[in-house]
Amino acid sequence: MNSDLFGPPELPGLGYLPGFALADEAALLAAVEAVSVTSPFRVMATPGGARMSAAISNCGAAGWVSDRRGYRYERCDPLTGKPWPDMPEVLAGLAKRAAAACGFAAFAPDVCLMNRYAPGAKMGLHQDRDERDFSAPIVSVSLGLPAVFLWGGAMRTGKTARLALQSGDVVVWGGAARLFFHGIAPIKPGLHPRLGAVRLNLTFRQAL
Ligand code: MD3
Ligand code: FE
């Protein structure tokens, strides 16, 4: 495997918007902080019993959860027993504008899954298959420390392309890209001016 950083592949339905969220960075962070007061970031268990390395929270009509019983969307936070916090308008608005800029004007996210990485944390290659309708894209927003996104194509095995993601970068994963295997290489140590030693990734989904 080589370690070159490629640009995003040219693929119908895939949209790469470097810096799209930068102007809203402070407002997005404040919204994430507010959500995490009610539904704190926590490390979830995989169905196999391992600990995930990123900490997770959610906002919106449902949230993605993982435990010994599997992966699924739940209307209530298992930690609080209460509904997940509403999706702040600044988050929903940014995701809709990004989707519209990439040809998905009808995108209406009902879930925002928030992943928080410390240096060393990673995410193994996987597909996102727990949503009801794969014709809706997923919009991802990267904030804080940079990451190397691993891009595995339509199969788990084979060559992995790499894409550097910086704070403020937005990627819209629609069309064939929607079901591609993907992951995050271990986050390198560093300090982001606003977030410190943290990478945050927000993914907006039409899950229900
Ligand atoms: C490509 N998150 O939450 S974001 C995830 O940076 C997830 O935290 C990573 O994979 C992160 O499921 C990667 C980019 C991303 C998100 C969803 C996708 C890429 C995707 C769904 C389909 C294809
Ligand atoms: Fe994913």
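The following refers to the structure shown. All values derive from a computational prediction rather than experimental measurement.

Remarks on the packing of helix H1 (residues 25-38) against helix H2 (residues 89-101)
Here H1 crosses H2 at 130°, and the two axes come no closer than 9 Å. Considering their axes alone, H1 and H2 lie oblique with respect to each other. Counting all contacts with H1, which are made through Ala-27, Leu-28 and Ala-31, the residues of H2 involved are Val-90, Leu-91 and Leu-94. Grouping the amino acids of the contact of H1 with H2 by side-chain chemistry returns six nonpolar, no polar and no charged.

Observations concerning H2
At 3.6 residues per turn, the α-helix brings residues three or four places apart onto the same side. Between its terminal C-alpha atoms H2 stretches 18 Å, which fits the 18 Å expected from 13 residues at 1.5 Å a residue. Listed in full, the buried residues belonging to H2 are Leu-91, Ala-92, Leu-94, Ala-95, Ala-98 and Ala-99. End-on, the buried residues of H2 take up no more than an arc of 165°, which puts them together on one face. Exposed residues on H2 whose side chains face more than 90 degrees from its buried face are Glu-89 and Ala-101.

Overview of the nonpolar core
If you look at the biggest cluster of nonpolar residues, it comprises 30 residues, and the most contacted ones within it are Leu-91, Cys-112, Val-139, Val-141, Leu-202 and Phe-204. Breaking this core down by element, the ones donating at least two residues are H1, strand S3 (51-60), H2, strand S6 (111-117), strand S8 (138-144), strand S11 (170-173) and strand S13 (199-205). Setting aside residues up to four positions removed in sequence, Val-141 forms contacts with Ala-21, Leu-94, Asp-169, Val-170, Leu-200, Asn-201, Leu-202 and Phe-204. Judged by nonpolar contacts, the second largest core, of 16 residues, contains Tyr-117, Phe-149, Leu-163 and Leu-165.

Digging into the coordination of the iron ion (ligand 2)
Here the iron ion (ligand 2) is held by His-126 (NE2), Asp-128 (OD) and His-182 (NE2), and the distances to it run 2.0 to 2.2 Å. Between consecutive donors of the iron ion (ligand 2), the numbers of intervening residues give the motif H-x1-D-x53-H. Of this pair, Asp-128 sits in the loop between strand S7 (123-126) and S8 while His-182 sits in strand S12 (residues 181-184), and the two are 54 residues apart along the sequence. We classify Asp-128 as buried; its relative accessible area is 8%.

Things to note about the side chain of Glu-25
Relative to the assigned elements, Glu-25 resides in helix H1. When its relative accessible area of 4% is taken as the criterion, Glu-25 is described as buried. A distance of 2.7 Å separates the side chain of Glu-25 from the side chain of Ser-167, its partner in a polar contact. Apart from the residues lying within four places of it in its own chain, the contact partners of Glu-25 are Leu-143, Ser-167, His-192 and Arg-194.

Let's talk about the layout of surface pockets
Of the pockets and cavities examined, the largest pocket occupies roughly 800 Å³. Residue assignment for the lining of the largest pocket shows that the elements contributing at least two residues are S3, S6, S7, S8, strand S9 (147-153), S12 and S13. Sort the elements by how many residues they give to the lining of the largest pocket and S3 lands first, with five residues. Its residues placed into classes, the lining of the largest pocket shows 19 nonpolar, 12 polar and 10 charged.

Some thoughts on the sheet that holds S9
Pairing between the strands of a sheet comes from backbone hydrogen bonds, and it takes one of two forms, parallel or antiparallel. Read across the sheet, four strands follow the order S7-S12-S9-S10 without closing on themselves; strand pairing throughout is antiparallel. If you trace the sheet from one side to the other, it starts and ends with S7 and strand S10 (161-165), each paired once. Strand after strand, the sheet turns through a mean of 20° between neighbouring axes, direction not considered. The pairing of S9 with S12 spans four bridges and is classified as antiparallel. Paired with Trp-151 across the bridge in S12 is His-182.

Notes on the state of the cysteines
Going through the model one piece at a time under the given rule, you end up with zero disulfides. Cys-76 forms no disulfide, and the closest cysteine sulfur to it belongs to Cys-59, at a distance of 15 Å. Cys-76 sits in the partly exposed class, given a relative accessible area of 34%. The closest cysteine sulfur to the non-disulfide-bonded Cys-102 is located on Cys-112, 17 Å from its own sulfur. Given the relative accessible area of 23%, Cys-102 is considered partly exposed.

Conventions we followed
Residues numbered from 1 in each chain as written. Chains lettered and ligands numbered in written order. Predicted model: local features only at pLDDT ≥ 70, side-chain atom pairs only at ≥ 80, totals over all residues. Heavy atoms only, no water. Axes fitted to C-alpha atoms, helices over the stretch in contact; angles between N-to-C directions. Helix = DSSP H or I, 4+ residues; strand = E, 2+ residues; numbered from the N terminus. Parallel < 35°, antiparallel > 145°, perpendicular 65-115°, else oblique. Contact = heavy atoms within 4.5 Å. Nonpolar A, V, L, I, M, F, W, Y, C, P; charged D, E, K, R; others polar. Expected span 1.5 Å × (residues − 1). Buried < 20%, exposed > 50% of the residue type's maximum accessible area, 1.4 Å probe, protein only. Arc of directions from axis to C-beta. Core = buried A, V, L, I, M, F, W, Y, C linked by side-chain atoms within 4.5 Å. Donors = N, O, S within 2.8 Å, 3.2 Å for Na, K, Ca; no water. Polar contact = N/O pair within 3.5 Å; in protein donor to acceptor, adjacent residues only side chain to side chain. 1 Å grid on protein atoms, 1.4 Å probe; cavity = no way out; pocket = protein on both sides within 12 Å on 5 of 7 lines; lining within 4 Å. Points joined across faces, edges and corners; volume = space filled by probe spheres on them. Pairing = 2+ DSSP bridges. Disulfide = S-S within 2.5 Å.

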